[in-house]
Each structure stands twice: as structure tokens, then as C-alpha cells.
Amino acid sequence: MSPSPLHLPPIWRESRIGLEAAALLRSRVFRGIDVEDGGGQPVMLIPGFLAGDDSLGLMTTWLRRTGHWTKSAGIRANVDCSSAIVERLAERLDCLAETSGQRVAIIGQSRGGNIAKVLAVRYPELISGIVTLGSPQLDPFDVHPLVRVQVYAVGALGTLGVHGLFKHSCRSGKCCETFWEDLAAPFPKGVGYLSVYSKSDGIVRWRSCLDPDAEHLEIEASHVGMAVAPRAYRAIAAALAAFREADAGSGTRRSRRRSAQPALKEAA
């Protein structure tokens, strides 16, 4: 049954993005005040649906300035088959873990958080923790109808043979069967997991972000604005510090992906 219009995400609130970005640039957290130095902690960033690495550009700049070693997902627009994206990112993840000698933290926005969780389920030996921003882990299609139309449009083009786009069969076909199984699988012990959500998210219904395996944190932000919301940055800084502390306390170091190909030696 379709949700009542009264219960649709308030998509009009996505117009706040400019104000949220301005607030970030004025904030203490963006200037690195009271943010613990990352000490070279490796972090991979994964953008949301239709977005590319540039959408997390401010966050990447901030992470580097606060002592983290970042690696992008290498995504121009997050519209490819989920399984194909996971396979590509597994190689980048293995490369970053290999060159840094540490387990990697992952920050994923929206669909990027779905991908981050699957990576953590498959390769917990390479990942210290994940932070998801407005990611509908319980139902990736629990989004505003206008966004769902975009999902269907991309799927239609992919089904017609446009390269680099997911197909309608990716939802229920064999190609992504294991992806959906892993997204619903129990989260591995020893890997941190923070789900950041907003009740005023204009794209995703916030209850779908409440994965029972995650620690939950509510903030006030638009969906796209989670990439620039000062409160999200505070949450990320705290989570990354907790991931570092947990790894240091357990003496955990990275170990190679069991099915890894020879790791690339270049960091993006």
C-alpha cells in the first residue's frame, strides 16, 4: 500500500542545503577546533544515488585537514549495478588497507551507506567501522515518490542497454541477489556502525535508517545536507575516534581480503 501523502518525506526541506553549507563553513568543527587528529586513519567516502565523489568534496577536505587519509569511491554518478560497485570498491578498499596498514573507516551517504554495510559484512577484516548518513538500510526503496521515479527511470535505461546503469533486474534478479542478502545480514562484531538520520529528511523516510545493528544518532538536516551539516561532522569525528580507539585497544591490524586480487599500489 502506498503511504499517505501526509507521511511522505518533506522534500521541500531539501532547499536548506545552501544554508547548511554556509553554517558548516562558519562552524568550529569545520575549522578543526576540538576535533581529534586522525593520525593518518584511512577513510573511504561513498556518495549517494545520482551523486558523485564531488558531493563529498567538503567532507574530504575537512577529513584531510584533520589528519585522515582519504580515498574516494571513484564514482561520477552512483547509478551502476550494486554488485558491480561493491566489487570495484572492494579492490579500492583492499588497496587502502594494504598501503595504510590499518583497517579502513567508511562514510556512506544514502545509497552509499547501503554499499558500505555490504562491504562491512563481506570484509570485516578490512573495515574498522562505517558511518551512514541518511541511508535507508531497512528498505532502500523507502524514499519519496519523486525519487522513486528517478530510480525507475535509471533502471529502464539500464534495462534498455545503457552502459553503467543498474537494470530493473538488479532488484530481484541473480546479479544482485547476494547484495540484498548481505544488506539484510547481521552486522559483523568488531566493526563499528553509526547510522545518522534526520526526521526532516526530505528524501528518505527516517525510520528506514534505524538498522537494529547500528548505533543511531538523530540530527536536524536535509537529506543532501548531511554531507555539509555541522552536526553530522561532529558525529563523524566522534565515530572515527571511537573506531581508532577500538582498533588500538584490540591490537587489530588489517589483513588481506581473502579473495583479493593483487592490491593496487596507487592511492587516489
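Read on for an overview of the structure. (Residues numbered from 1 in each chain as written. Predicted model: local features only at pLDDT ≥ 70, side-chain atom pairs only at ≥ 80, totals over all residues. Heavy atoms only, no water.)

## So, the overall build of the protein
Within the protein, the secondary structure is distributed over eight helices and six strands. Shown N-terminal to C-terminal, the secondary structure of the protein runs as helices and strands in the order α-β-α-β-α-β-α-β-α-α-α-β-β-α. For the protein, the C-alpha radius of gyration of 18 Å lies close to 18 Å, the compact-globule estimate for 268 residues. The principal-axis extent of the C-alpha atoms belonging to the protein is close to 50 × 45 × 30 Å. With 268 residues in all, the protein has 54% of them scored as buried. Taking all contacts inside the protein whose residues are at least 6 apart in sequence as the whole, residues at least 24 apart take part in 76%. Surface exposure of the protein reaches about 12,200 Å², of which carbon and sulfur atoms provide 57%. Both charge centroids of the protein, one from 32 positive and one from 27 negative side chains, sit 2 Å from each other. (Helix = DSSP H or I, 4+ residues; strand = E, 2+ residues; numbered from the N terminus. Rg over C-alpha atoms; globule rule 2.2 N^0.38 Å. Buried < 20%, exposed > 50% of the residue type's maximum accessible area, 1.4 Å probe, protein only. Contact = heavy atoms within 4.5 Å. Areas by Shrake-Rupley, 256 points an atom, 1.4 Å probe, with all protein chains shown as cover. Lys, Arg positive; Asp, Glu negative; His and termini not counted. Charge placed at Lys NZ, Arg CZ, Asp CG, Glu CD.)

## Considerations on the packing of helix α2 (residues 57–65) against helix α8 (residues 230–250)
Where α2 meets α8, the closest approach of the two axes is 12 Å, and the angle between their N-to-C directions is 45 degrees. In terms of their interaxial angle, α2 and α8 are classed as oblique. Remark: the crossing between α2 and α8 carries right-handed chirality. In this structure, α2 contributes L58, M59, W62 and L63 to the contact, and α8 contributes Y233, I236, A237 and L240. Its residues assigned to classes, the contact of α2 with α8 comprises eight nonpolar, no polar and no charged. (Axes fitted to C-alpha atoms, helices over the stretch in contact; angles between N-to-C directions. Parallel < 35°, antiparallel > 145°, perpendicular 65-115°, else oblique. Left-handed = near helix turned anticlockwise from the far one by under 90°. Nonpolar A, V, L, I, M, F, W, Y, C, P; charged D, E, K, R; others polar.)

## Focus: a nonpolar patch on the surface
Taken together, the side chains of L157, L160 and V162 present a nonpolar region at the surface, about 300 Å² in accessible area. Considering the arrangement of structural elements, one finds L157 in helix α5 (residues 145–159). (Patch = residues over 30% accessible without salt bridge, like charges linked within 9 Å, V, L, I, M, F, W, Y side chains within 5 Å. Salt bridge = Lys/Arg side-chain N within 4 Å of Asp/Glu carboxyl O.)

## Thoughts on the pairing of strand β3 (residues 104–109)
Of all six residues in β3, six are buried, a share of seventy percent or more. Relative to β3, strand β1 (residues 41–46) runs parallel, the two being bridged by four bridges. Paired with M44 across the strands is I106, a residue of β3. Summarising the sheet, β3 and strand β4 (residues 127–133) pair through six bridges and their orientation is parallel. (Pairing = 2+ DSSP bridges.)

## Some words on the sheet that holds strand β5 (residues 192–197)
One open sheet accounts for six strands, arranged β2-β1-β3-β4-β5-β6; its pairing is parallel. The sheet terminates laterally at β2 (68–72) and β6 (215–218), the two strands that pair on one side only. Sheet twist, expressed as the mean angle between neighbouring strand axes with direction ignored, is 20 degrees. Of the strands in this sheet, β1, β2, β3 and β4 are in contact with helix α3 (residues 82–100), which crosses β1 at around 165 degrees. Lying on the sheet, α8 is in contact with β1, β2, β3, β4, β5 and β6; it crosses β4 at an angle near 165 degrees.

## Looking at the packing of aromatic side chains
As enumerated under the stated definition, the model contains seven aromatic pairs in all. Seen from their ring centres, F49 and F166 are 6.2 Å apart, and the 35 degrees between their planes marks the pair as tilted. Linking F49 in the loop between β1 and α2 with F166 in the loop between α5 and α6 (169–172), this pair joins segments that are 117 residues apart in sequence. Of the two residues, F49 and F166, both sit in the buried class. Joined through ring pairs, the aromatic side chains of F30, W62 and Y233 make up one cluster. One cation-aromatic arrangement involves R65 over F30; the distance from NZ or CZ to the ring centre is 4.6 Å. We note R171 situated over the ring of F141; from NZ or CZ to the ring centre the distance is 4.0 Å. (Phe/Tyr/Trp six-rings, centres within 6.5 Å; stacked < 30°, edge-to-face > 60°. Lys NZ or Arg CZ within 6 Å of the ring centre and 35° of its normal.)

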